[in-house]
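Commentary on secondary and tertiary structure
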Amino acid sequence: MIQTGLTDLFNLRHPIVLAPMAGVAGGQLAAAVSNAGGLGLVGGGYGDAAWLRKELFSTRENTSRPWGVGLITWAVNQRVIDLVLSYQPDAVMLSFGDPRPYGAFVKAAGCRLICQVQDLNEARLAQQAGADLIVAQGTEAGGHGGTRATLPLVPAVVDAVAPTPVLAAGGIADGRGLAAALALGAHGALIGTRFYASTEAQGRPSAKQRIVAAHGNETLRTPVFDIVRGYGWPQGYYGRALHNAFVTRWSGREEELMQALPAERTAYHEAMGDGNFDTTVVWAGEAVDLIHSVEDAAALVERISLEAEARLRASAALLR
Ligand SMILES: Cc1cc2nc3c(=O)[nH]c(=O)nc-3n(C[C@H](O)[C@H](O)[C@H](O)COP(=O)(O)O)c2cc1C
């Protein structure tokens with residue numbers, strides 16, 4: 001068993017947190033990860049109230065273990081924070097934007113505050129917000145993020161925010177990645193893309209199969225999906241997705257894509273309805289190389305943790 005500041009904080013069996021992936025990490029997946037001894041975070045994303053009510057209710061019904069919710073900070077408001085807190089999660093994670101306006105409300109509700117950051121400035125804001133845990137997210141990550149790589153970012157954040165415990169995110173999909181994160185001084189890993197290709201994840205089976213089939217060099221950070229969907233992401237955050245025909249057509253031609261709205265948006269929504277992933281997005285990170293099948297979340301949590309334990313023992317055996 002691996003014991004860290006993360007496992008102590010939430011009384012977990014494994015130092016693994018499910019990334020709160022919007023549209024992917026619903027109540028079923030979050031509860032499965034929590035029941036397996038990790039910490040499941042529901043992907044509350046942009047704060048859709050009806051979706052949140054359904055998925056938070058389902059999480060609470062399906063686990064008696066600690067669980068939480070993640071939100072995209074710039075997209076939410078106090079009403080969304082209050083709604084989420086009314087379900088009494090054990091943790092709220094805020095990503096992408098200044099968490100300070102909401103930190104005190106989360107903590108006053110007796111809930112742990114987790115902040116995901118992409119650089120050292122954001123790490124300091126997270127500390128000022130009162131974060132109990134800070135996730136250092138490298139650019140290898142699936143979904144939105146910044147430009148710094150996980151390997152140098154994690155220890156830099158560990159040093160900058162000590163003694164606040166840090167988790168590593170971005171490019172971790174197996175026990176080797178978790179062991180590496182612990183060696184960098186992190187207290188665990190927050191994992192997204194690997195759990196997208198799980199039985200309990202929301203999202204179409206064909207999207208999961210694309211992740212299984214893809215290679216890491218077929219992912220990229222791009223603004224084109226945010227432009228066509230009309231999401232006003234602040235400067236500096238781009239989503240990492242699988243390359244597809246839509247990217248080939250519009251990457252580097254973002255101005256033209258803006259001119260081509262709304263016809264392109266209509267076509268995009270139709271493609272969403274059809275499950276056409278040549279046009280619509282599959283957010284995924286560079287760790288797709290390490291994903292070879294769709295598996296149950298509980299099996300993933302168990303295996304990643306056991307593999308990490310074996311790796312750490314093997315590393316210790318190198319010492320003379
Ligand atoms: C499909 C998908 C959706 C995501 N949605 C969100 C989100 O809504 N909020 C958030 O904070 N992070 C989101 N992320 C990023 C994760 O929080 C996390 O940083 C990332 O998955 C870690 O890297 P990995 O994908 O290599 O494991 C998403 C990631 C993926 C793959």
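Residues numbered from 1 in each chain as written. Predicted model: local features only at pLDDT ≥ 70, side-chain atom pairs only at ≥ 80, totals over all residues.

**A word on the sheet that holds strand S10 (residues 219-222)**
This is how it is decided: We treat two strands as partners when DSSP finds at least two bridges between them. Each helix is a run of DSSP H or I of at least 4 residues and each strand a run of E of at least 2, with the numbering of both proceeding from the N terminus. Axis geometry follows a simple rule: fit a line to the C-alpha atoms, using only the stretch in contact for helices, then measure angles between N-to-C directions, giving values from 0 to 180 degrees.
Strand order in the open sheet made by the three strands is S7-S11-S10, with antiparallel pairing throughout. At either end of the open sheet lies a strand with only one pairing partner, and these are strand S7 (143-145) and S10. Going from strand to strand, the sheet's axes swing by 30 degrees on average, the running direction of each strand aside.

**Observations concerning the nonpolar core**
This is how the line gets drawn: Here, a nonpolar core denotes buried Ala, Val, Leu, Ile, Met, Phe, Trp, Tyr and Cys residues that are linked to one another through C-beta atoms within 7 Å. Exposure classification rests on a simple neighbour count of other C-beta atoms within 10 Å of a residue's own: a residue reaching 20 or more is buried, one at 12 or fewer is exposed, and one in between is partly exposed. C-beta atoms are placed from the backbone. Source of the domain bounds: an automatic or database domain assignment. Here, residue contact means that the backbone-derived C-beta atoms of the two residues sit within 7 Å.
By size, the foremost hydrophobic cluster in this structure holds 101 residues, and its most contacted members are Leu18, Leu41, Ile134, Leu167 and Ala189. Structurally, this core is a two-domain feature, drawing no fewer than three residues from each of domain 1 (5-203 + 292-316) and domain 2 (205-274). Discounting chain neighbours no more than four positions away, the residues touching Ile134 are Cys115, Val117, Ala123, Ala126, Val157, Val161, Thr164 and Val166.

**Considering the pairing of strand S4 (residues 91-95)**
Short version of the rule: If the strands point away from the viewer and the path from the first strand over the helix to the second runs clockwise, then the crossover is right-handed.
Burial runs high along S4: five of the five residues are buried. Of the two faces of S4, the one lined by Ala91, Met93 and Ser95 and the one lined by Val92 and Leu94 are each fully buried. Of the strand pairs in this sheet, strand S3 (residues 67-72) and S4 are connected by five bridges, and their pairing is parallel. When the bridges of S4 are listed, Val69 appears paired with Val92. Between the parallel elements S3 and S4, the chain passes through helix H4 (residues 78-85) in a crossover that is right-handed. In this structure, S4 lies alongside strand S5 (residues 112-117), joined through five bridges in parallel fashion. From the neighbouring strand, Met93 faces S5, where its bridge partner is Ile114. You can see the chain leave S4, run along helix H5 (residues 100-108) and come back into S5, and the turn it takes is right-handed.

**Here's the deal with the site of the ligand**
For clarity, the threshold we go by: Using a C-beta atom placed from the backbone for every residue, we mark a residue as near a molecule or strand if that atom lies within 6 Å of it. Each residue is assigned to one of three groups, with Ala, Val, Leu, Ile, Met, Phe, Trp, Tyr, Cys and Pro labelled nonpolar, Asp, Glu, Lys and Arg labelled charged, and all others, Gly among them, labelled polar.
Around the ligand sit 30 residues, and of these Ser95, Gly142, Gly143, Gly192 and Gly285 come closest. Contributions of two or more residues to the shell around the ligand are made by S3, strand S9 (189-191) and helix H9 (193-196). Per-element tally for the shell around the ligand: the top contributor is H9, with three residues. A breakdown of the residues in the shell around the ligand according to their chemical character gives 15 nonpolar, 13 polar and two charged.

**Points about unusual backbone geometry**
Cis geometry is found at the peptide bond from Ala162 to Pro163, where omega equals 10 degrees. Within the fold, Pro163 resides in the loop between helix H7 (150-161) and strand S8 (166-169). With an omega of 5 degrees, the peptide bond between Leu261 and Pro262 qualifies as cis. Along the chain, Pro262 turns up in the loop between helix H13 (254-260) and helix H14 (263-274). Positive phi values are uncommon outside glycine, yet Gln88 reaches one of about 55 degrees. Locating Gln88 in the fold gives a position in the loop between H4 and S4. Accessibility expressed as a C-beta count within 10 Å gives 12 for Gln88, which makes it exposed. Of note, the phi angle at Phe96 is positive, near 70 degrees, even though the residue is not glycine.

**Overview of the domain arrangement of the protein**
Parsing the protein into structural domains produces domain 1 (5-203 + 292-316) and domain 2 (205-274). Between the C-alpha centres of domain 1 and domain 2 there is a distance of 24 Å. Counting residues at the interface gives 18 residues for domain 1 and twelve residues for domain 2. At the level of elements, S7 and H9 are the ones that each hand at least two residues to the side of domain 1 that touches domain 2. For the side of domain 1 that touches domain 2, the leading source of residues is S7, giving three residues.

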